[in-house]
Amino acid sequence: MKVAKFGGSSVASAEQFRKVADIVCSDVERRIIVVSAPGKRYKGDVKITDLLIQLADAAIHDEPYDSVLEAIVKRYEEIARGLELSVSSLISHIADDLQQKIDTYRDAPDRLMDAIKASGEDHNARLMAFYLYSLGLEAHYVSPREAGIFVTDEPGNAQILPESYEKLKDLRKRHGVLVIPGFFGYSLTGHIVTFPRGGSDITGSIVAAGVGADVYENFTDVDSIYCVNPAIVDHPRQLKELTYREMRELSYSGFSVFHDEALEPVYKAGIPVCVKNTNNPAAPGTWIVAERNHNDEPVAGIASDVGFCSINISKYLMNREIGFGRKLLQILEDEGISYEHVPSGIDNMSVILRANQLEGEKEKRILDRIQTELQVDEVHIEHGLALVMVVGEGMERTVGVAAKATAAFAEANINIEMINQGSSEVSMMFGVKEEVVKEAVRALYEAYFSSHIHSL
Ligand SMILES: Nc1ncnc2c1ncn2[C@@H]1O[C@H](COP(=O)(O)OP(=O)(O)O)[C@@H](O)[C@H]1O
Ligand SMILES: N[C@@H](CC(=O)OP(=O)(O)O)C(=O)O
């Protein structure tokens with residue numbers, strides 16, 4: 001049995017729905033289908049999920065929302081029309097359902113946001129099931145509640161509850177093709193709660209693990225996972241195989257093609273993942289597996305992301321002060337801040353974190369607390385940092401991987417703001433200024449993968 005997830009770009013239009021149907025019909029093993037909400041049809045288009053967020057925001061702030069609600073319903077209508085489905089009742093149900101959610105959760109903004117966001121996948125799964133059924137397939141829409149996807153009650157940030165897996169097993173006994181909406185589950189108290197953005201990948205992985213699928217297929221809009229983001233390097237090298245560990249590091253660090261939180265369920269269940277292209281299903285795609293032969297290729301990929309900052313602290317004799325690190329991290333915990341890395345020296349410590357966590361007065365308050373409670377000599381924040389992550393299972397045992405990177409940076413005249421290697425066996429992190437991050441990635445790509453590169 002295969003579980004196949006179709007991402008937003010794969011279900012963005014009637015034409016894409018047809019490709020999905022062909023893929024489903026071409027293999028009887030594809031028994032469970034997980035769908036996202038309609039995504040972008042072309043560069044510059046708006047995803048349904050983003051329209052739904054606009055709708056919920058407007059409703060929460062008592063602003064007019066008729067035009068955005070209309071735009072959402074129109075997207076589904078266009079898909080249905082393009083598929084020649086007579087679904088006027090299904091389409092009017094979408095408008096009624098959105099309005100009803102707004103009325104029900106008027107005084108609970110977090111609940112309203114999650115219920116509206118989740119409806120993008122929910123309506124699309126109903127439409128997909130209806131379409132497959134119209135083609136003669138025994139297709140059934142299955143809600144996450146019925147499937148048994150139970151999650152923690154953290155709006156927009158749900159995590160799967162372990163008891164879900166027992167219930168999910170029962171899906172194996174069902175007949176026909178099951179169509180499950182991605183991106184959300186239900187709390188034990190019966191509320192809709194969404195996963196983080198891009199979370200349909202997580203639903204697919206949970207369902208694949210729950211039913212013990214032979215493979216979890218993740219259909220998207222590229223032929224494979226590339227060793228760098230194709231928006232930074234033109235036609236980069238395709239990857240045949242990656243390990244779960246490599247993929248988790250790469251997706252956490254910027255490979256948005258597969259959600260980093262989608263690795264754990266399939267990894268634990270030992271289910272291979274195959275990332276494939278809905279627009280070119282004949283291409284072999286990329287396999288994510290437990291082990292790969294990495295003797296010739298110690299580096300698997302280079303990921304990057306922007307929007308980080310570094311809190312830099314110095315205090316003479318910091319090395320002698322037992323508990324300094326704990327007190328520093330306690331201040332961040334009190335402020336609800338999560339951090340990425342903590343490089344340290346004898347009298348210095350830096351904490352690297354996502355800068356969007358420091359909105360409003362938070363930045364000043366944290367700096368004041370560090371200054372007064374830890375009596376430091378100096379504390380300041382450096383903004384505008386990008387992190388570049390070099391990832392590969394074989395790196396640890398290969399001499400000269402770091403030297404290649406530093407030489408490539410030197411040749412490209414890129415200043416390294418910080419390096420962190422060691423705690424993860426499969427990755428090496430470089431901090432650079434945001435303005436030079438693309439050059440940094442290209443320099444590393446050239447050093448590890450190619451001598452002929454065409455930069456975009
Ligand atoms: N290393 C990479 N390899 C392949 N695609 C990547 C990589 N890094 C970023 N991407 C981007 O991820 C996109 C696919 O992910 P996403 O937009 O979430 O698709 P979907 O609509 O299927 O959910 C690709 O179109 C590509 O722009
Ligand atoms: N639609 C949701 C969930 C998702 O996974 O979408 P996509 O498959 O388009 O990344 C989002 O945009 O976040």
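Residues numbered from 1 in each chain as written. Chains lettered and ligands numbered in written order. Predicted model: local features only at pLDDT ≥ 70, side-chain atom pairs only at ≥ 80, totals over all residues.

If you check an unreviewed UniProt entry, the chain appears there as Aspartokinase from Thermaerobacillus caldiproteolyticus. Listed in UniProt under the heading Sequence similarities (unreviewed entry), the comment for the chain reads: "Belongs to the aspartokinase family." Heading Function (unreviewed entry) of the UniProt record for the chain holds this comment: "Catalyzes the phosphorylation of the beta-carboxyl group of aspartic acid with ATP to yield 4-phospho-L-aspartate, which is involved in the branched biosynthetic pathway leading to the biosynthesis of amino acids threonine, isoleucine and methionine." (UniProt positions renumbered as here; feature names shortened; annotations may be inferred.)

Colleague: Run through the site of ligand 1, naming residues and quoting values.
Modeller: Within the structure, ligand 1 sits among 18 residues, and G7, S9, T220, N229 and V257 are positioned closest to it. For the shell around ligand 1, the per-class residue count stands at 7 nonpolar, 10 polar and 1 charged. (Near = placed C-beta within 6 Å. Nonpolar A, V, L, I, M, F, W, Y, C, P; charged D, E, K, R; others polar.)

Colleague: An account of the pairing of strand β7 (residues 215-220) is requested, with residue identities and associated values reported.
Modeller: β7 sits mainly inside the fold: 5 of its 6 residues count as buried. When strand β1 (residues 2-6) meets β7, the two strands line up parallel, connected through 5 bridges. Within β7, the position partnered with K2 by the bridge is V215. (Buried ≥ 20, exposed ≤ 12 C-beta atoms within 10 Å, placed from the backbone. Helix = DSSP H or I, 4+ residues; strand = E, 2+ residues; numbered from the N terminus. Pairing = 2+ DSSP bridges.)

Colleague: Let's hear about helix α14 (residues 437-448): which residues, and what values?
Modeller: For α14, with 12 residues, the first-to-last C-alpha span of 17 Å sits near the 16 Å given by 1.5 Å per residue. By the criterion of burial, α14 is predominantly enclosed, with 9 of the 12 residues buried. Every buried residue of α14 is listed here: V437, A440, V441, R442, A443, L444, Y445, A447 and Y448. Tucked inside the fold, the buried residues of α14 contact β11 (301-314), β13 (378-391), α13 (401-411) and β15 (427-433). (Expected span 1.5 Å × (residues − 1). Contact = placed C-beta atoms within 7 Å.)

Colleague: Run through the environment of E333, naming residues and quoting values.
Modeller: Structurally, E333 can be placed in helix α11 (residues 324-334). Taking C-alpha positions, E333 is 29 Å from E163, a pair spaced 170 residues apart along the chain.

Colleague: I'd like to hear about the sheet that holds β13, residue by residue, with values.
Modeller: Spatially, β12-β11-β13-β15-β14 is the arrangement adopted by the 5 strands of the open sheet, whose pairing is antiparallel. Of all strands in the sheet, those with a lone pairing partner are β12 (348-354) and β14 (418-421), marking the two edges. For this sheet, the mean angle separating the axes of adjacent strands, direction not counted, is 35 degrees. Sheet topology places β14 next to β15; 4 bridges connect them, and they run antiparallel. Across the sheet, the residue bridging to Q421 is M428, located in β15. Contacting β11, β13 and β15, helix α9 (residues 244-252) crosses the sheet at an angle of about 135 degrees to β13. (Axes fitted to C-alpha atoms, helices over the stretch in contact; angles between N-to-C directions.)

Colleague: Account for the site of ligand 2, with residues named and values stated.
Modeller: Of all residues adjacent to ligand 2, which total 15 residues, the nearest are G7, G8, S36, T49 and S200. Here the residues of the shell around ligand 2 sort into 2 nonpolar, 10 polar and 3 charged.

Colleague: Any details on the confidence of the model for the chain? Residues and values, ideally.
Modeller: Per-residue pLDDT for the chain averages 94, and the proportion of residues at 70 or more is 98%. Across residues 452-456, where pLDDT falls below 50, the model places 10 contacts with residues more than four positions away in sequence or in other chains. For this predicted complex, the interface score ipTM comes out at 0.98, while the overall pTM is 0.93. (pLDDT = per-residue confidence, 0-100.)

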